[in-house]
Every structure is written in C-alpha cells, then in structure tokens.
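Descriptive analysis of the structure
Here are the chains, one letter per residue:
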Amino acid sequence: MAAASHGEAAVSEGSRPAAIERWSDGAARPASDRVACEEPLELQLDGSALAVVMRTPGHDLELALGFLVTERVVDGPADLASLRHESVSPGGDAAENVVRATLRPGLAVDLERLRRNFYASSSCGVCGKASVEGALATAPPLRDETRFDPALLLELPGRLLDAQGAFAETGGLHAAALFDATGRLLVVREDVGRHNAVDKVVGWAAAAGRLPLAGHGLLVSGRISFEIVQKALAARIPLVAAVSAPSSLAVELASASGVALVGFLRGRSFNAYGQVERLRRLG
C-alpha cells in the first residue's frame, strides 16, 4: 500500500470556532466557543463510491482503512495498492473529503453486495438473530486466552479523558482507545461518531502491522453498540469497555463470539457481560 502519514492530528482539526450567546441568570451576552467539527467523508473503492460517513476530519486514512477492515472488505493493508485523499486539481491538491482506495492487482470485491450489506446493517427491520449470525459468518468466535486485571480497567477512563484534547475544547466528541493487557493506552482517536473513532483506532493498528489484535482491549466513550462489538470482533479484540451501557444486541453478539464487555466503568465499579471469564479473578 502506498505510504501514508499517521501522525497525531492537531486539536484544531477536531473543532471550529463559533460565535454564541451565553445565557446566565436570565441574561445573555456575546461570547465565542469551539464546536466539534462534522463533515462528510466519501470512501471510494477502485473509482466507485462505496460509502459516505459523517466524521470529524483528521486521521482520515486511518478511518478509511479501519472501515475497510472492520466491514470485512479487505483483510489489511496488503490487500490495497494505494490509499490516499483524492487529487482533483492539476497541482495535486487533496480533496480532503474524498479518500480513494485501490485494491491490489488480482483482488476484486462485489461492490453491490457490499452496499446492500451496509444498508441492511443500518435497517431497523433486521432481526437480532440474523445480525449476530451475519457477524459470526464473516468473523468467527475468538479463541483468545488473554485475561485482564479488573484493577487496571478501573484506571482507564481517567487516562482516556486526559488524552481527549478535542473533547476538552468542545464537549462534543466521542473517543476510542486501544490498550494492552497491562493497561497501557497505545492510541486514542476522537470523532463525532463513536464507530468512526473505533475505525480510526483499527486503521492505526492495521497500518502499523498489528492486526489481528489478540491480547488487546478497546475502550470507548458512551455506550457499546452492536456495531462496535462487530468491529472489535473483526479486528479480533477480546474485550470492549465503556463508561456507559451496552445494548442488548451488543451483549448477544459478545456472548456468542467470545468477547467480554465491561459497561458502566466508573469510579471503582463496573458491570461485566458476555465472556466474563476474560476478567482475572483474585485469590
């Protein structure tokens, strides 16, 4: 795959200035603030539009690569000949809201099938059982023996918050972090969409040659949705933790796939769901 930059994005990429009225005690005064940036990103595959996601600009190539991996379009960077922002001017300036992926020679995918799958995964009419079976058909259950220390998990939300520069500016961004079994945060990414933040993390890992992510955990702000567990399973992450609750379908998929879920990770307590044996017992 063509080389791409995966350096840390400046905080200013995640927010924009905004003129506001600040109300207090029934009175208003002009003020300035920063709001989370949200823009569409079109992902093209071999010259055809594959998907459009609403995201916070920054780490776009990681987002695109992570999306392609977690949606099971490709297995990793080796399946791509190139991944870059689309060049649209004679001078080669990048169109920052379009990323083009080109498959390696000899590899082909069914674009129409992929588009149907993306549509179906977001449709309310898809039943839970079919969703779980579909996820397991493309990413089988985990066989990962890693155990995580509950005491280390309790320290993670504070570390994540300390690393959320754009959230500190705006209060309007989700975050995802990859950590190892010792509790060390390896990478943190922010986005208006929590699933986008997860894709950026997986994209970082893919570009660094770290897939599959056996022995690692994923920490997300907000709740744990089915989609997040599905993405973790595709990247082979055995534990997903969050400061809020998991959905019922997320718990069903975790239980069927061997993923441990840690919800309500706040203060000195949490709830465990799914493959709870992944948490190390004392004594």
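Reading the values: the criteria
Residues numbered from 1 in each chain as written. Predicted model: local features only at pLDDT ≥ 70, side-chain atom pairs only at ≥ 80, totals over all residues. Heavy atoms only, no water. Helix = DSSP H or I, 4+ residues; strand = E, 2+ residues; numbered from the N terminus. Buried < 20%, exposed > 50% of the residue type's maximum accessible area, 1.4 Å probe, protein only. Contact = heavy atoms within 4.5 Å. Areas by Shrake-Rupley, 256 points an atom, 1.4 Å probe, with all protein chains shown as cover. Axes fitted to C-alpha atoms, helices over the stretch in contact; angles between N-to-C directions. Parallel < 35°, antiparallel > 145°, perpendicular 65-115°, else oblique. Nonpolar A, V, L, I, M, F, W, Y, C, P; charged D, E, K, R; others polar. Phe/Tyr/Trp six-rings, centres within 6.5 Å; stacked < 30°, edge-to-face > 60°. Pairing = 2+ DSSP bridges. Polar contact = N/O pair within 3.5 Å; in protein donor to acceptor, adjacent residues only side chain to side chain. Expected span 1.5 Å × (residues − 1).

When helices and strands are counted, the protein shows 8 helices and 12 strands. Classification of the 283 residues of the protein by burial places 46% in the buried group. Partitioning the intrachain contacts of the protein with sequence separation of at least 6 by distance along the chain shows that 52% fall at a separation of at least 24. Split by element, the accessible area of the protein, about 13,200 Å² in all, is 52% carbon and sulfur.

A separate point is the packing of helix α1 (residues 60-70) against helix α6 (residues 194-207). Two elements in contact, α1 and α6, have axes whose closest approach is 6 Å; the angle formed by their N-to-C orientations is 90 degrees. By the angle class used here, α1 and α6 are roughly perpendicular. Contacts from Glu 62, Leu 63, Leu 65, Gly 66, Phe 67, Val 69 and Thr 70 in α1 reach Asn 196, Asp 199, Lys 200, Val 202, Gly 203, Trp 204, Ala 206 and Ala 207 in α6. When grouped by side-chain class, the residues that make up the contact of α1 with α6 number 8 nonpolar, 4 polar and 3 charged.

As a further point, take the packing of aromatic side chains. In the structure shown here, the tally under the stated rule is 1 aromatic pair. Between Phe 148 and Phe 179 the ring centres are 6.1 Å apart and the planes differ by 75 degrees, which places this aromatic pair in the edge-to-face class. Of the two residues, Phe 148 is situated in the loop between α3 (128-138) and α4 (150-163) and Phe 179 in strand β7 (residues 174-180); the sequence distance between them amounts to 31 residues. What makes Phe 148 buried here is its relative accessible area of 1%.

We now examine unusual backbone geometry. At the junction of Leu 211 and Pro 212, the peptide bond is cis and its omega measures out at -5 degrees in the coordinates. Here Pro 212 lies in the loop between α6 and β9 (216-220). A positive phi angle, near 70 degrees, is found at Arg 236, a position not held by glycine. Of note, Arg 236 is situated in the loop between α7 (226-234) and β10 (239-242).

If you trace the 6 strands from one edge of the open sheet to the other, you get β8-β7-β9-β10-β11-β12, paired in mixed fashion. Strand pairing shows two members of the sheet lacking a second neighbour, β8 (185-191) and β12 (269-274), which therefore form its edges. Here the strands of the sheet are splayed against their neighbours by 20 degrees on average, with no regard to which way each runs. Contacts from α7 reach β9, β10 and β11 (260-266), with the element oriented near 155 degrees to β9.

α1 sits mainly inside the fold: 11 of its 11 residues count as buried. Of the residues making up α1, those classed as buried are Asp 60, Leu 61, Glu 62, Leu 63, Ala 64, Leu 65, Gly 66, Phe 67, Leu 68, Val 69 and Thr 70. Count one or two residues on from α1 and you reach Arg 72, which has phi positive near 60 degrees.

Secondary-structure assignment places Asp 180 in strand β7. Within polar-contact distance, the side chain of Asp 180 engages the backbone nitrogen of Arg 184 at 3.0 Å. Residues in contact with Asp 180, not counting those within four places in the same chain, are Phe 148, Leu 186, Gly 215 and His 216.

In this section: α6. The terminal C-alpha atoms of α6 lie 20 Å apart, and with 14 residues this matches the ideal 20 Å at 1.5 Å per residue to within 8%. Burial analysis of α6 places 12 of its 14 residues in the buried class, which makes it a mostly covered element. Of all the positions in α6, only Arg 194, Asn 196, Ala 197, Val 198, Asp 199, Lys 200, Val 201, Val 202, Gly 203, Trp 204, Ala 205 and Ala 206 are classed as buried. Looking at the buried positions of α6, the neighbouring elements they touch are β4 (48-55), α1, β7, β8, β9 and α7.

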